[in-house]
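Structure assessment
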Amino acid sequence: MSEIVRRVAERIRNLEIQGARNIAMAAISVLAEAAESSKARNREGFLRELLEAKEILFNTRETEPLMRNALRKILFEVKESRLTDPRELAGLVSSLSREFIKGLEASNRRIAEYGSKRIRSGYRVLTHCHSSTVVGILRRAREEGKDFEVLCTESRPRYQGRITARELLEEGIRTTMIVDSAVRNFMKTVDLVLVGADAITSEGNVVNKIGTSMIALVAYEARIPFYVASELLKFSPQTTYGEYEKIEERSGEEVWKDAPPGLIIRNPAFDVTRRDYIHGIICEEGIISPHTILEVVRRRYPWVLAVD
Ligand code: RUB
């Protein structure tokens, strides 16, 4: 089982697969694929392999609660089942995976529907990094015939802004790229800031690509609405019980490959934007205020707080 999983894990680790949704989808799909290929002879062996696969995937990127919630839920359901035949267990993993992905797709459609209502013709929208959820909203607004433009940041050091720019251009959306440090320079010309999320904490703070919190601060200063587009399942349940969401720190080589010896390079992948700077979280339940997140998650996905 683990060979197939390790291959996908490596692609997640080196950012060939990036963005919380894409990572979660890839992890869910490979879990099903790995389960189907399992050679386990009994339930115990199968569960052991499944757990090992989960650990490998969990260890790819630290700040990914959507992936963690998805895998936790699937494993929980499998453990709860009384099935003993590995073939049947593999079938169960496949159907749970399909169901989960269908749920994510439905949420994404709803987020696009709600989010696009906030985009008007003539708007200039600023986004940061690459969020498939944000692109989904912009695509939908475009399909609805709205004429707007997008400013996207480079998102150093890995330039995910280029993925966003390419995808938006494919949709026929007028797109301008700026370096990350030019955000304040352009903020006064922007109508709306729209970013994705990797994690949402129990207090309604949002973890997203490094630089997001600085953009939120600049938007706040300029009184420009700052929205986060995110499935509720990016909620990090452990933050409810006092733990912090870990922030992944990546290799300094991403910042400067042949840096002079002795130079210290810090490269956190994400930062935390306090809820005070966030106008709303656009999620499958609608546009909600960040401080209501815990109640909304508890109502919609009670298992997120229960499943171990
Ligand atoms: C990607 C990033 C995205 C969120 C949301 O960081 O910060 O804004 O993951 O993306 P990285 P999505 O490139 O390091 O993974 O809306 O697609 O889930």
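Residue positions within a chain follow its written sequence, with the count starting from 1. Local features in this predicted model are restricted to residues whose pLDDT is 70 or higher, and side-chain atom pairs enter the listing and the counts only when it is 80 or higher, whereas totals over whole chains, interfaces and linings include all residues. As a rule here, side-chain values cover all heavy atoms of the structure and leave hydrogens and water aside.

**Digging into the site of the ligand**
Only heavy atoms are used to decide nearness, and a residue is near a molecule or strand if one of them lies within 4 Å of it. Within the structure, the ligand sits among 17 residues, and Gln18, Ser131, Ser132, Thr133 and Asn208 are positioned closest to it. Pairing of N or O atoms within 3.5 Å defines a polar contact, subject to two protein rules: one partner must be a possible hydrogen donor and the other a possible acceptor, and residues neighboring in sequence count only if both atoms are side-chain atoms. In the model, an oxygen atom of the ligand is placed 2.9 Å from a nitrogen or oxygen of the glycine 19 main chain. Arginine 61 has a polar side-chain atom sitting 2.8 Å from an oxygen atom of the ligand. Shrake-Rupley sampling with a 1.4 Å probe provides the accessible areas, and residues are treated as covered by the protein chains on show and by no other component. Look at the ligand: alone it shows 460 Å² of surface, and the protein chains cover 100% of it. Judged by the proximity of its atoms to the pocket grid, the ligand belongs to the largest cavity. A run of H or I in DSSP becomes a helix once it reaches four residues, and a run of E becomes a strand once it reaches two; helices and strands are each numbered from the N terminus. Elements represented by at least two residues in the shell around the ligand include exactly α2 (20-36), α6 (132-143) and β6 (206-209). The start and end points of each domain follow an automatic or database-based domain assignment. Among the domains, domain 1 (2-109) and domain 2 (117-301) are the pair contributing at least three residues each to the shell around the ligand. Cavities and pockets are defined on a 1 Å grid built over the protein atoms alone: a cavity is a set of grid points where a 1.4 Å probe fits but cannot escape, while a pocket is an open set with protein on both sides within 12 Å along at least five of seven lines, and lining residues are those with an atom within 4 Å of any such point. To decide whether a molecule occupies a pocket or cavity, check its atoms: if more than half lie within 2 Å of the grid points, it is inside.

**Remarks on empty space enclosed by the protein**
Grid points are joined across faces, edges and corners, and a volume is the space filled by probe spheres set on the points. Scanning the entire structure with this criterion turns up 2 cavities of 30 Å³ or more. Here the largest cavity defines a volume of roughly 200 Å³. Forming the walls of the largest cavity are 22 residues, and the residues nearest its centre are Gln18, Gly19, Ala20, His130 and Asp198. Contributions of two or more residues to the lining of the largest cavity are made by α2, α6 and β6. The element best represented in the lining of the largest cavity is α2, accounting for 3 residues. For the lining of the largest cavity, the class distribution of residues is 5 nonpolar, 11 polar and 6 charged. Structurally, the lining of the largest cavity is a two-domain feature, drawing no fewer than three residues from each of domain 1 (2-109) and domain 2 (117-301). Volume-wise, the second largest cavity comes out at about 50 Å³. For the second largest cavity, the full set of lining residues is Pro157, Arg158, Gln160, Lys209, Ile210, Arg250, Glu254, Asn267, Pro268 and Ala269. Residues are grouped as follows: Ala, Val, Leu, Ile, Met, Phe, Trp, Tyr, Cys and Pro are nonpolar; Asp, Glu, Lys and Arg are charged; every other residue, Gly included, is polar.

**Looking at the packing of α2 against helix α3 (residues 43-58)**
Geometrically, a packed helix pair is captured by the angle between its two axes and the distance between the axes. Only C-alpha atoms enter the line fits that serve as axes; for helices the fit covers just the stretch in contact. Angles between N-to-C directions range over 0 to 180 degrees. Orientation of α2 relative to α3, taken along the N-to-C sense of each, is 155 degrees, at an axis distance of 11 Å. The angle between α2 and α3 places the two elements in the roughly antiparallel class. Judged by the sense of rotation from one axis to the other, the crossing of α2 with α3 is right-handed. Each of Ala27, Val30, Leu31 and Ala35 in α2 lies in contact with α3, whose residues at this interface are Phe46, Leu50, Ala53 and Leu57. When describing relative orientation, an angle under 35 degrees is termed roughly parallel and one over 145 degrees roughly antiparallel, while 65 to 115 degrees is termed roughly perpendicular and anything else oblique. Take the far helix as the reference: if the near one is turned anticlockwise from it by less than a right angle, the crossing is left-handed, and if turned clockwise, right-handed. Contacts between residues were defined by any pair of non-hydrogen atoms, one from each residue, lying within 4.5 Å.

**Examining the domain arrangement of the chain**
It is common to give the size of an interface as the accessible area lost on bringing the parts into contact. By domain assignment, the chain separates into domain 1 (2-109) and domain 2 (117-301). Opposite the 20 residues of domain 1 that make contact, domain 2 presents 28 residues. Taking both sides of the interface into account, the surface hidden between domain 1 and domain 2 amounts to around 1,900 Å²; carbon and sulfur atoms contribute 46%. Summed over both partners, the accessible area (1.4 Å probe) lost when two parts come together is defined as the buried area. Contact with domain 2 buries area across many residues of domain 1, yet Gln18, Glu62 and Thr63 alone supply 27% of it, more than any other trio.

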